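Chain by chain, the residues:
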Amino acid sequence: MAQLFRPGANAILRVALVSFVAVPAAVFGGAAALQRTSYVTGQHEFADQPVPFSHQHHVADLGLDCRFCHTGAETRAYAGLPPTKTCMTCHSQVWTNAKMLAPVRDSFAAGEPIAWNRVNDLPGYVYFDHHVHVRNGAPCAACHGDVSKMPLTAKAAPMTMQFCLDCHRDPATRLAPKARVFDPQVYEAIAQEDAKAIHQRVAQLPETQALTDCSVCHR
Amino acid sequence: MTALDRREALRLIALGATAALAGCDAPQETIHPAAHPAEGETPGVVRRYRTAVPFCGYGRGVTGLVVDGRPIKLEGSPGHPASLGATDLFTEISILDLYDPQRLRAPVERGVQTSWELISQAVAAPLARSGGDGFRLLTGRTTSPTLLRRIADLKRRFPAMRHVSYEPFGDDAERTGATLAFGRPLVMRPRLAEADVIVALDADPLGPGPDQVALAHGWSERRKAAGPAPRLYALEPSLTQTGVVADRRATLPPAAIAAAARAIFAGLSHDAQAEATPPIVADILRDLRGAQSRAVVLVGRAQAPEIHAVAAAINQRLAAPVDWIAPVDPETAPHWRALRALQEEIESGHVSTLVMIEVNPALHAAGFAAALGKVERTVAVSAFEDETARAARWTLPLSHPLEAWGDLRAPDGTASVVQPLIRPLYDTRSPIEIIDLLEGRFRQGANYDAVRETWRKGREDGFEDWWAQTLTAGVVADSAAAPEQPAPAAAPPEAPPVVRTEGLSVRVAPSPTLWDGRFATNAWAQECPDPVTKEVWGASLRVSKADASRLGLADGDLVRIGDAGEAAVRITRGQAEGCATLLAGYGRDTGGPIADVGGANAFALLRQGGWTSGPITLDRSGERRTAVSTQATFALEGELSRLFPILAPGEATPKPEALATLLDVQPSPAPAAWGMVIDNSVCIGCNACVAACQAENNVPAIGPDEMARNRDMHWLRVDFYDQGQDEEPAFGFEPMPCMHCETAPCEPVCPVAASVHDTQGLNVQVYNRCVGTRTCQANCPYKVRRFNFLDYAEHGPYGGVDQKPLRAQRNPDVTVRARGVMEKCTYCVQRISAANRVSSASGEAIADGAVVTACQAACPTRAIAFGNLKDESSAVARLKRDPRHFALLEELGTRPRTTYLARVRNAGEKSG
């Protein structure tokens, strides 16, 4: 009786056995890895805006503080986008006829809000509070990057749960002295002693341990 | 549904696979910062405004919570006498009415949309020509000073018009009784906080009503106070909330209660040993004589005016802690008589224009809808489609009380200015604007000016300051009615001898959830369990066991009740023989998906007046219907004393020895350990907490079909217990939120760790982890976990109506849960989190009382305490040391954080 299997069958079986494990692992692993790429998270992506607002110009060139426009950053959950009225405090005086600013003037005249496209968007079941982060020394740049180098605003961090947890597990690595919280280039200027002092202070806080509770961000 | 064939199945699978592969991007969201923000407008921050919402014409103070311009929740107003910082069910559900997708949005003439201008021409113009001849204005009880002033203006303009006001469940008998006693209609306001002995004769002071919160608050203050244990007697034909929490209770038919009132009066007058019929009267007399000026007798609206006169005389003799005040609303005629007179007038053809504002006579008065055909111009002003709106020629949409300026008086006369928290969502008008319309004029902002004009009188100097202060306080200072000192009551008239009727009569009672039917369009109200029967989306006819066996009826038998329609029979304990009870508000024909749940219209039984029908025959249809109910078992033999211990005054709950455990329970380093203590002794089962939780936590209504499948979504339920002894049954309520067990049985069984503990001791449910195995629900011994079987938030019981407006009510700080996810009480984690964040940012510790859960804030009797157990001086830690303290199912070793204080029942010695 002839051989039922040809010699090549062994190889096929080995490949099949390996792929039985490897293919699902690759599929799931690949999918998981894909979730973390900027293709999915949108990190470094710009959103088109009705007015091409430049943080670089307003922050680096003119020296505006974050809180001039984002008034809630220190006091509320939402840092907030400025009302058109805030834009017009200056732009009723400077660049009054710039074509680029026509949507701002229209909004001010009509009383209709400008529809800005979201750059950072958290899922509906995640609750983020700006003021508690800022007051505890988490600088704006920790999540929003160095906006003084952004001609158009891009998403600086992946805003994944991993990203949040990295800091919540060991906040000291990302915190800054309170005086420098609103500095867009905060990390470049933190001295070694500052970092040490922060680390010591944070490690003693009883709430540091609770920072990874689910109820801190989900409710 | 036709069976799926193979090709179709393959096609669908392929479609699904392609869709999954193609994926879909998250939609690009936009942010819209206001161009010119209003003063104080800060995104995402809750702002609180004091205002008032009406119920039965009276105002109840509320604090409206507004986020981004949307009112999302109503809480109590501490300075308001009808709120005292708490709410009731009807206040809590009022916010849903604002966003209800069934609301009327534009004026309609016979089903065709019309405009306010056309209505003004068609209604106001003929009035102006005729001088108001044949013009009748029908409203509910009206206490609003501005509305009354404007109606007076209208009367000056149209001298021949008449204003009729009626409240279906009003106080006709009480006022007529006071007239018999004192010669004028006075209203009795008991001060229950000062009463050692309360005798409720067919009365339900702790049940639903415009003054429930104040009465329950006073009663609970006395319960909690030190000193001799108070006693509450309830003599009633059917179990009410007052009967449930009473220390002594007797089930008596209405006529026997009237006799008992007379026996009490006779016993007190002659100081002799009264004829002890029934035996409980002897005990009542003993206690009344003992307590004297610290005792009060209350009589319910269903008793005859003569019995109210008797009670007035008793209370005067006792020098009872009651205030007599002149009625707050000026309508002195008994409301039902006024309505019947109007109906006769209509039937005789004397009415040519009838304007009905926020009333539904077509439901309440038999034959009224048909009589409307004889009126040339009928206008129904209503927020929702109802029987009257369907019978009227024009239906005008009414603004919600949170949409318009106005004013209201509380049952004690205290006035509040009603300020709008949002602009009208639709093309609606307020009652004041309707009066403007009838005068043939209308302009924007007229409400505001009218209300200010009313209050400016006599306050011209410094009016703006006064106005600002009044709005902030929520009440007009010193506006309560002054108590009067009536002359000694006349000897109560002898009532005509009661004709003993053979057969079954039916007592009509207001529904604790729908009242007279006005809340029937509200899905939260329909889904709120009846305190005693726990029925939802309908009400059965309550029949005593003796009557049922005499008539051969079984639980669930569908019967035709006279003209009222069909309802299922429910054999109920605590029901008097010969007297069945039917709740009002059902048997509706509104054309809406929520209100029309079937049942019998109780008002059809009341042709001869009063609240008890004549003999009624029940015709069995042969069909059976199982009532939808959230509680199947009421009496658990043997286990009751552990699940719901009832103590005598001064007694303590047995303290079991600490259980040995293999679990490693370590104290958490967190500064807070949240816990809750609920005092069963003062829980009146009013469901305010249930609705408050629903509003705060985005709990959806799911509809009768889903409820029948036991898919109830309420995060908090109130269990009703029945000790199951026949003679004088002992009942009680026990609210059941999540126990937040320290060693929670739900946690180890979750395969994806969606049910976990946080360091502050909360048992948290992580929605985005949950895969819906429901193992936790099965393993929870307290059965407090709820599973979202369908996408209830977006697919509620509204039929084909677009539900998008409901989204505006949702609390932005709470996740709207999706399908396939387990959920449960979180101890209002969003409020704890807010306090934690403020504390973390400011560095200040959280003070005791800084975190108030929604149920706690709502509770009129302050039965719920919540706080940090690590703070030894906190209110909740103090209650945990109370002798009455016990944990539910402690023997399971779950170490619940929610614990209870046992109910105290001061039954005393029984004679006879």
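Pulling in residues and values, what's your account of the overall build of chain B?
Broken down by element type, chain B carries 26 helices and 37 strands. Taking 912 residues into account, the globule formula puts the C-alpha radius of gyration at 29 Å, and chain B, at 28 Å, falls close to it. Contacts in chain B between residues at least 24 apart in sequence constitute 74% of all its contacts with a sequence separation of at least 6.

Run through the overall build of chain A, naming residues and quoting values.
What chain A contains, in helices and strands, is 13 helices and one strand. In sequence order, chain A lays out its α and β elements as α-α-α-α-α-α-β-α-α-α-α-α-α-α. C-alpha extents for chain A along the principal axes are approximately 100 × 50 × 35 Å. Taking all 219 residues of chain A together, 25% fall into the buried category. The long-range share in chain A, meaning contacts at least 24 apart out of those at least 6 apart in sequence, stands at 72%.

Can you break down the interface of chain B and chain A residue by residue, with the values?
Between chain B and chain A, the residue contacts involve 36 residues of the former and 37 residues of the latter. Within the residue set of the side of chain B that touches chain A, elements represented by two or more residues are strand S1 (30-31) and helix H24 (829-842) of chain B. Of all the elements, H24 of chain B adds the most residues to the side of chain B that touches chain A, at six residues. Residues that form the side of chain B that touches chain A fall into these classes: 18 nonpolar, 14 polar and four charged.

For the sheet that holds strand S2 (residues 46-55) of chain B, give the residues involved together with the corresponding values.
All names here are of chain B. Overall, antiparallel pairing links the three strands, which are arranged S2-S3-S4 in an open sheet. Every other strand in the sheet has two partners, leaving S2 and strand S4 (70-76) as the edge strands with one partner each. Along the sheet, successive strands turn relative to each other by an average axial angle of 35°, direction set aside. The pairing of S2 with strand S3 (residues 58-67) spans 10 bridges and is classified as antiparallel. The residue bridging arginine 47 from the neighbouring strand is valine 66, located in S3.

Describe helix H6 (residues 102-110) of chain A, naming the residues involved and giving the relevant values.
All names here are of chain A. All of the buried residues along H6 are Val104, Ser107 and Phe108. Down the axis of H6, the smallest arc covering the buried residues is 95°, so these residues share one side. Those residues of H6 that are exposed and angled more than 90 degrees off the buried face are Ala102, Ala109 and Ala110. Those residues of H6 that are buried are in contact with helix H5 (84-91). Positive backbone phi, at 75°, marks glycine 111, one or two positions downstream of H6.

Hey, could you go over the pairing of strand S22 (residues 557-561) of chain B for me, with residue numbers and the actual values?
All names here are of chain B. Along S22, the buried face is formed by Asp557, Val559 and Ile561; none of Leu558 and Arg560, which line the opposite face, is buried. The pairing of S22 with strand S25 (residues 618-624) spans four bridges and is antiparallel. Paired with valine 559 across the strands is arginine 620, a residue of S25. Hairpin connection, S22 to strand S23 (residues 565-571): the antiparallel pair is bridged by three residues, and glycine 562 has positive phi, about 50°.

Describe in detail the packing of helix H8 (residues 254-270) of chain B against helix H9 (residues 280-291) of chain B, supporting the description with residues and values.
Residue and element names in this part refer to chain B. In contact at an axis separation of 10 Å, H8 and H9 are set at 45° when each is read in the N-to-C sense. Compared by their axis directions, H8 and H9 come out oblique. By crossing handedness, the relation of H8 to H9 is classed as right-handed. Counted together, Ala260, Ala263, Ile264, Gly267 and Leu268 of H8 and Val281, Ile284, Leu285 and Leu288 of H9 form the full contact between these two elements. Taken together, the residues that form the contact of H8 with H9 break down as eight nonpolar, one polar and no charged.

Any details on the environment of alanine 79 of chain A? Residues and values, ideally.
Residue and element names in this part refer to chain A. As for its position among the elements, alanine 79 is in the loop between helix H4 (66-69) and H5. Note: C-alpha distance between alanine 79 and alanine 102 (23 residues apart in sequence) is 25 Å. With residues near it in sequence (within four places) discarded, alanine 79 still touches His70, Gly72, Ala73 and His130.

Describe the confidence of the model for chain B, and please don't skip the residues or the numbers.
The predicted model of chain B has a mean per-residue pLDDT of 91, with 96% of residues at 70 or higher. Reported for the predicted complex are a pTM of 0.93 and an ipTM of 0.90.

Please set out unusual backbone geometry residue by residue, giving values where relevant.
All names here are of chain B. Even without being glycine, arginine 862 reaches a positive phi, approximately 55°. Residue position: arginine 862 is located in the loop between helix H25 (854-858) and strand S34 (864-868). Phi at leucine 889 takes a positive value of approximately 50°, unusual for a residue other than glycine. Assignment of secondary structure puts leucine 889 in the loop between strand S35 (885-886) and strand S36 (898-901). For leucine 889, a count of 15 C-beta atoms within 10 Å gives the class partly exposed.

Calculation criteria
Residues numbered from 1 in each chain as written. Chains lettered and ligands numbered in written order. Predicted model: local features only at pLDDT ≥ 70, side-chain atom pairs only at ≥ 80, totals over all residues. Helix = DSSP H or I, 4+ residues; strand = E, 2+ residues; numbered from the N terminus. Rg over C-alpha atoms; globule rule 2.2 N^0.38 Å. Contact = placed C-beta atoms within 7 Å. Buried ≥ 20, exposed ≤ 12 C-beta atoms within 10 Å, placed from the backbone. Nonpolar A, V, L, I, M, F, W, Y, C, P; charged D, E, K, R; others polar. Pairing = 2+ DSSP bridges. Axes fitted to C-alpha atoms, helices over the stretch in contact; angles between N-to-C directions. Arc of directions from axis to C-beta. Parallel < 35°, antiparallel > 145°, perpendicular 65-115°, else oblique. Left-handed = near helix turned anticlockwise from the far one by under 90°. pLDDT = per-residue confidence, 0-100.

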